[in-house]
Protein chains: 2
Amino acid sequence: MIKSGTKVTGPRPTIREVALAADVSTGTVSRVIGGSPRVAKETRARVVAAMKRIGFQPNAAARSMRTNVTKTIGLLIPDILSPTFARVAAGAEGALTPAGYMLLIGSSNRSIAQEVAFLQTAQQRRMDGLIVSLSDEAAKETLHELNLMTAPKVVLDRDIAVEADVIQSEHRRVMEQAVGHLISLGHRRIGLIGPSQRIRPSRERVAAYRSAHAAAGLPVDDRLIRCDSQNVDFGEIETTDLLAMSDPPTALIGGSGDIFLGVVRALRTLGVDIPRSVSLIGVDDPQIAGILGPPVTSIARDMIRIGDEAARLVLARIADPNRDFRRLTLPSALIMRQSTAEPP
Amino acid sequence: MIKSGTKVTGPRPTIREVALAADVSTGTVSRVIGGSPRVAKETRARVVAAMKRIGFQPNAAARSMRTNVTKTIGLLIPDILSPTFARVAAGAEGALTPAGYMLLIGSSNRSIAQEVAFLQTAQQRRMDGLIVSLSDEAAKETLHELNLMTAPKVVLDRDIAVEADVIQSEHRRVMEQAVGHLISLGHRRIGLIGPSQRIRPSRERVAAYRSAHAAAGLPVDDRLIRCDSQNVDFGEIETTDLLAMSDPPTALIGGSGDIFLGVVRALRTLGVDIPRSVSLIGVDDPQIAGILGPPVTSIARDMIRIGDEAARLVLARIADPNRDFRRLTLPSALIMRQSTAEPP
DNA sequence: CTGTTAGCGCCTTCAC
DNA sequence: GTGAAGGCGCTAACAG
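Criteria and cut-off values
Residues numbered from 1 in each chain as written. Chains lettered and ligands numbered in written order. Predicted model: local features only at pLDDT ≥ 70, side-chain atom pairs only at ≥ 80, totals over all residues. Buried ≥ 20, exposed ≤ 12 C-beta atoms within 10 Å, placed from the backbone. Helix = DSSP H or I, 4+ residues; strand = E, 2+ residues; numbered from the N terminus. Pairing = 2+ DSSP bridges. Right-handed = clockwise from strand over helix to strand, strands pointing away. Least-squares fit on C-alpha atoms with pLDDT ≥ 70 in both. Contact = placed C-beta atoms within 7 Å. Arc of directions from axis to C-beta. Near = placed C-beta within 6 Å. Nonpolar A, V, L, I, M, F, W, Y, C, P; charged D, E, K, R; others polar.

**Student:** How should the pairing of strand β8 (residues 251-254) of chain B be read in this particular structure?
**Tutor:** Note on strand geometry: in a regular strand, side chains alternate between the two faces of the sheet. Residues and elements named next belong to chain B. Side-chain alternation along β8 places A251 and I253 on one buried face and L252 and G254 on a second face that is also buried. Relative to β8, strand β6 (residues 190-194) runs parallel, the two sharing 4 bridges. Across the sheet, residue G191 finds its bridge partner in β8, namely L252. Judged from the 4 bridges that link them, β8 and strand β9 (residues 279-283) form a sheet pairing that is parallel. Among the inter-strand pairings, I253 is bridged to a residue of β9, identified as I281. Handedness of the β8-helix α11 (residues 258-270)-β9 crossover: right-handed.

Pasting the structure below:
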């Protein structure tokens with residue numbers, strides 16, 4: 001007899017051990033595990049007791065081998081270190097865990113090879129669904145892998161040819177609003193620093209930047225648009241470069257993600273007074289923006305909600321694979337703080 | 001004949017289909033998958049070609065059922081939204097992915113129930129190893145689950161009775177240094193705002209806070225120690241409360257994680273001039289601290305490295321389950337910036 | 001309500 | 001160097 005609490009490091013018990021201990025068949029044990037109603041109350045109690053006593057935990061691999069269900073959803077993001085995507089993950093996990101699904105996060109570090117690798121393991125692990133934020137819409141290797149996958153997919157804010165539900169943020173209206181705000185303050189040269197235009201959000205923002213200028217009857221100086229990369233250094237370098245122009249911008253819109261940090265860092269280094277000498281609007285980093293001195297006006301969106309909605313879309317399609325594909329657009333907002341003013 | 005590129009939504013091919021297509025037996029296909037050397041070069045080529053042609057991807061569940069290996073490591077953290085833990089995840093993933101392992105992240109939101117739930121699914125999924133950062137050392141349910149798990153475990157910075165490798169940060173020396181620095185500037189009342197002392201790092205920091213005072217021959221006012229929780233609101237409330245005392249602190253040490261945000265927010269709201277009226281030292285948030293105005297002196301540690309080392313420890317123990325348990329202590333550093341000065 | 005039985009897809013001896 | 005066959009742990013009919 002083994003004392004309860006004793007650590008037994010033998011092979012893990014199976015439903016057969018449980019069946020033996022509870023004096024039922026393996027089929028009955030299985031029904032108890034699966035929560036089938038076709039088990040007598042008293043029998044169920046005996047089985048549950050036996051499971052606990054032996055320390056039985058059903059083998060997920062064996063189950064999913066039989067059922068073709070892994071209770072697993074993949075999330076592919078460019079960078080887990082970005083608070084923006086960490087929020088997406090948190091939102092998705094919040095919706096998935098209560099539904100009995102586990103979220104498997106893959107961070108590609110914006111490497112196409114890593115994206116492909118993740119999509120392949122997603123297939124090998126037979127994930128039940130996938131939420132993807134690609135780092136480059138033009139990479140056809142990832143598209144290829146995505147199309148190979150038959151499980152439900154949700155695409156986050158990308159324009160790609162994949163049979164999938166899509167969640168996108170509203171970018172144009174809010175960026176037009178931001179640019180319009182600066183223009184109405186009197187700014188005529190506005191710098192825009194952002195990620196590569198090979199992803200939809202950046203293209204949308206640039207388009208809005210242009211249309212806002214057009215609406216005000218103002219010309220656009222393309223040298224003020226710096227949308228090519230997405231890291232701290234890029235933000236810092238482009239900011240420095242912009243302000244070194246012979247006719248430098250009097251206002252800056254910088255983001256998303258890490259870019260903003262670089263922009264602020266450069267501004268600090270240059271000793272620029274915000275908003276007296278340069279106005280600043282941030283994109284996608286409200287947490288930090290709000291506590292800077294001065295607090296920075298910024299474009300914000302609810303990434304947790306995006307993750308949550310994405311998870312719901314996946315679950316809904318798992319429940320009904322034939323439903324129509326949706327394209328959900330979630331709102332963004334311009335949060336006014338104290339980092340903008342009239343140009344000097 | 002099916003055109004290449006056509007989407008086939010039938011059942012996924014198995015090694016039998018591959019075997020048929022390559023005119024070999026399933027055993028040979030299996031050997032090719034496993035990279036066994038006992039396969040003729042030419043045969044291997046035929047099999048590989050067949051796999052690609054049919055779009056075969058080995059079923060991970062079936063494999064792990066046979067091999068008792070899931071190529072999966074769990075990471076349990078209190079909060080994926082905290083940059084600190086996101087870094088741990090990134091570090092661990094960086095070490096695990098190249099080794100062919102997938103990192104399964106669980107964020108408990110500091111709920112013991114969620115920690116237990118994660119540990120249970122870890123067992124059901126037969127994860128090959130586990131890296132855990134518990135939110136409460138005193139919770140015996142989590143300890144119980146941890147001890148049930150026979151797979152290799154790495155514990156992050158907690159004092160708990162579990163057979164596991166341990167990685168911890170050096171907290172005392174650097175906190176003594178921080179407090180000593182403030183004392184040497186002339187501060188006699190220093191507020192300390194931090195997480196609950198039910199986790200080791202906080203206990204260590206409080207102990208260091210006391211010993212630094214003792215070393216300077218100064219008394220400690222326990223009302224200045226506010227180490228009970230870990231969120232933005234807590235930081236904001238305690239800061240406000242501390243500064244409302246009849247004999248308020250002239251310096252604040254605040255962290256880790258979200259607490260720091262709250263501290264800064266309160267300071268801004270109160271219109272406190274840093275460091276003229278209050279000196280400030282942050283804990284664990286160098287990214288933000290560096291761009292604040294003024295940049296904030298803070299205690300920093302390399303969380304990515306911690307995640308990386310944790311992953312290495314797990315892998316090493318998987319390779320050799322009988323090696324001695326290690327306890328690794330990684331350094332912290334006090335980064336001097338411009339947020340401290342003599343008291344007013 | 002419960003027992004029996006046949007695989008799920010793969011790896012792994014054991015022969016050849 | 002390759003084929004044949006058994007079984008990993010579980011679920012899902014099908015009987016009873």
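**Student:** What am I meant to see in the relation of the copies chain A and chain B here?
**Tutor:** Copy one and copy two of the chain differ by a rotation about a common axis and a shift along it. Its rotation angle being 180°, the transformation that places chain A on chain B also includes 0.1 Å of axial translation and leaves an RMSD of 0.1 Å. Taken together, the rotation and translation relating the two chain copies correspond to the operation of a two-fold axis. Identified as the residue of chain A closest to the rotation axis by C-alpha distance is A61(A), at 2.3 Å. Interface residue correspondence from chain A to chain B reaches 100%, placing this contact among same-surface, isologous pairings.

**Student:** Sorry, what's going on with helix α2 (residues 26-34) of chain A here?
**Tutor:** In an α-helix, one full turn covers 3.6 residues, which means residues spaced three or four apart are oriented alike. Residue and element names in this part refer to chain A. Taken as a whole, α2 has its buried residues at T28, V29 and V32. When α2 is viewed along its axis, its buried side chains cluster within an angular range of 100° and face the same direction. Opposite the buried face of α2, at more than 90 degrees from it, the exposed residues are G27 and G34. On its buried side, α2 packs onto α1 (15-22) and α3 (41-54). Where α2 ends, the next residue or the one after it, G35, has phi of about 70°, a positive value.

**Student:** I would appreciate a short explanation of the protein's contact with DNA strand C in the present structure.
**Tutor:** Not every one of the 27 residues close to DNA strand C is listed here, only the nearest: G27(A), A40(A), T43(A), T14(B) and G27(B). Element by element, the count of residues in the surface near DNA strand C is highest for helix α2 (residues 26-34) of chain B, at 6 residues. When the residues that make up the surface near DNA strand C are grouped by side-chain class, the tally is 10 nonpolar, 12 polar and 5 charged.

**Student:** Could you clarify how one ought to interpret the pairing of strand β1 (residues 72-77) of chain A in this entry?
**Tutor:** Residues and elements named next belong to chain A. Burial runs high along β1: 6 of the 6 residues are buried. Neither face of β1 is left uncovered, since the one carrying T72, G74 and L76 and the one carrying I73, L75 and I77 both have all their residues buried. Across 4 bridges, β1 lies against strand β3 (residues 129-132) in parallel orientation. Residue pairing across strands places G74 opposite L130, the latter belonging to β3.

All quantities given are derived from atomic positions and should not be read as evidence of function.
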